[in-house]
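# Observations on the model geometry
Here are the chains, one letter per residue:
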Amino acid sequence: ASGRVRGLLITPPYGHFALNDRRAYPYFQMASELGVPVYVHQGAMFGPTENAPQFRARLSTVDQVVVDFPDLKLNIEHLAWPWTEELLAIMAHAPNVYTDICMLQIRPRMLAWHLTMAKEYGFLDRVLWGTDFVGSGIDEYKEQVTKEVHFLRHEFNPILAGSGWPELTEAEIDGLLAGNIRRLLQL
């Protein structure tokens, strides 16, 4: 079975349930046993949403799943923005929790601060880049990927330096773009 299942995506806000809903636990158990990550759509939903406003800010549900499944690999998408600091606190005690910076290049200074925090806390190696592409075709997708990679390789460190924060090393940028996800997916 592990050859067929590479990971799971779970979207509590859109599915109208909390992450620690016991009905999701068999899937977490399966993912834990297979050693595959569960991607969790969390964050990037500021203010009331028509989908599930009661679940939008409950990172305590993530913490509960981490406690109940200590070997489960989770990727909490979008740095759980705007609840990033709460996610970073969870990541501090949960070594199997990752996050990504999908869609966050549009807020470069905020992204710079949060990646600085992850670096200071010692788990920048559990932060992933991804596109979360919303578009209409492959050419548009390629253009977006090229733009985002260029931003991280050439435009991001000047933002960090201009803010007085430590710049990312080439190895850290390589980790964001590829190495960290390879480790998560065991590639």
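Residues numbered from 1 in each chain as written. Predicted model: local features only at pLDDT ≥ 70, side-chain atom pairs only at ≥ 80, totals over all residues. Heavy atoms only, no water.

## A short note on unusual backbone geometry
Keep this limit in mind: Each helix is a run of H or I in the DSSP string that is no shorter than four residues. Each strand is a run of E no shorter than two, and both are numbered from the N terminus. Each residue is assigned to one of three classes by its accessible area relative to the maximum for its type, calculated with a 1.4 Å probe on protein chains only: buried under 20%, partly exposed between the two thresholds, exposed over 50%.
Between Trp81 and Pro82 the backbone carries a cis peptide bond, its omega angle lying at 10°. For Pro82, the position within the fold is in the loop between strand E3 (74-76) and helix H4 (84-93). A positive phi angle is found at Gln186, which is not glycine, with a value near 55°. With respect to the helices and strands, the residue Gln186 is situated in the segment after helix H7 (170-185). Exposure remark for Gln186: the relative accessible area of 60% places this residue in the exposed category.

## Focus on the layout of surface pockets
Operational definition: Definitions used for this entry: grid spacing 1 Å over protein atoms alone; cavity, a set of points where a 1.4 Å probe fits but cannot get out; pocket, an open set with protein on both sides within 12 Å along at least 5 of 7 lines; lining residue, one with an atom within 4 Å of a point. Grid points are joined across faces, edges and corners, and a volume is the space filled by probe spheres set on the points. Side-chain classes follow a simple rule in which Ala, Val, Leu, Ile, Met, Phe, Trp, Tyr, Cys and Pro form the nonpolar group, Asp, Glu, Lys and Arg form the charged group, and the remainder, Gly included, forms the polar group.
Approximately 280 Å³ is the volume found for the largest pocket. Broken down by element, the residue count for the lining of the largest pocket peaks at six residues, all from helix H6 (residues 138-162). Of the residues assigned to the lining of the largest pocket, the class counts are seven nonpolar, three polar and five charged. Of the pockets and cavities examined, the second largest pocket occupies roughly 160 Å³.

## Considering H4
Definition in use: Along the arc lie the directions from the helix axis toward the C-beta atoms. Contacts between residues were defined by any pair of non-hydrogen atoms, one from each residue, lying within 4.5 Å.
Buried within H4 are the following residues: Thr84, Leu87, Leu88, Ile90 and Met91. Around the axis of H4, the buried residues are gathered within 160° of arc, so they sit on the same side. Considering only its buried residues, H4 is in contact with helix H3 (60-68), E3, strand E4 (97-100) and helix H5 (108-121).

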